[in-house]
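# Tertiary structure, described
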Amino acid sequence: MILKTRYFGDLEINEDSVIRFKHGIPGFEKVKRFVLIDSDVEDSPFKWIQGVDEPKPAFVIVDPFVIRKDYEIKLSDEFLDELEIKSPTDVSVFCIVVVPEDISKMTVNLQAPLIINNVNRKGRQLILDTDRYGVRHNILEELRRQEDKNNAGADKEKGSVHNHK
């Protein structure tokens, strides 16, 4: 089927690739069907989720585990039943990214991940009941923190307790 989009023009999509969000996405509750669109950049952690029922909703999304290695969510039995999730390997998790004009201020909403059952193509946005994650988490700052953490001790003298060689 041909999908008319705001940012990508006309796209040919397979009906089997459509993800159904029974409740829509907050702010776009009437749009129940979405499709994932890969980035043009090879190995990019970013994708797009594009509304099928209307062209307006299109969000940049990212795998939150790339941004925060310690990212953790717990799905209730009710949530698992609604999406008919049988195994953790059946699930993809994405978070919506806000990309302002100044790309260095790009943020991700870690408080409200999109959960997708890859087997039956059902999805839902989950609002986490925790203050551990923010709705405007700066992506570049987090990636810098991870890089600093990974490089910690790299320039220390031999014999230092921080030297892991």
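Residues numbered from 1 in each chain as written. Predicted model: local features only at pLDDT ≥ 70, side-chain atom pairs only at ≥ 80, totals over all residues. Heavy atoms only, no water.

A few words now on the packing of aromatic side chains. A full pass over the atoms with the stated rule returns six aromatic pairs. One aromatic cluster in this structure is built from Tyr 7, Phe 8 and Trp 48. (Phe/Tyr/Trp six-rings, centres within 6.5 Å; stacked < 30°, edge-to-face > 60°.)

Turning our eyes to something else, we now look at the pattern of salt bridges. Across all of its chains, the model carries 13 salt bridges by this definition. Across the pair Asp 10 and Lys 4 runs a salt bridge whose closest N-O atoms are separated by 3.4 Å. The partner of Glu 82 in a salt bridge is Arg 124, and the shortest N-O contact between them spans 2.5 Å. With Glu 82 in helix α2 (residues 77–83) and Arg 124 in strand β10 (residues 122–125), the pair connects residues that are 42 residues apart, well separated along the chain. On the basis of relative accessible area, Arg 124 is assigned to the partly exposed category, the value being 25%. Ionic contacts of the salt-bridge type, sharing partners, join the residues Arg 68, Asp 70, Glu 72, Lys 74 and Arg 132 into one network. (Salt bridge = Lys/Arg side-chain N within 4 Å of Asp/Glu carboxyl O. Helix = DSSP H or I, 4+ residues; strand = E, 2+ residues; numbered from the N terminus. Buried < 20%, exposed > 50% of the residue type's maximum accessible area, 1.4 Å probe, protein only.)

Let us now look at helix α3 (residues 139–151). Between the first and last C-alpha of α3 there are 18 Å, a value that for 13 residues agrees with the 18 Å anticipated at 1.5 Å per step. Within the sequence span of α3, burial applies to Ile 139, Glu 142 and Gln 146. Relative to the axis of α3, the buried residues are bounded by an arc of 70° and lie together on one face. Across α3 from its buried face, at more than 90 degrees, point the exposed residues Glu 147 and Asp 148. Along its buried surface, α3 packs onto β5 (46–51), α1 (64–67), β7 (91–98), β8 (107–108) and β11 (137–138). Between the side-chain oxygen of the N-cap and the backbone nitrogen of Leu 140 there are 3.1 Å, and the N-cap of α3 in question is Asn 138. (Expected span 1.5 Å × (residues − 1). Arc of directions from axis to C-beta. Contact = heavy atoms within 4.5 Å. Polar contact = N/O pair within 3.5 Å; in protein donor to acceptor, adjacent residues only side chain to side chain.)

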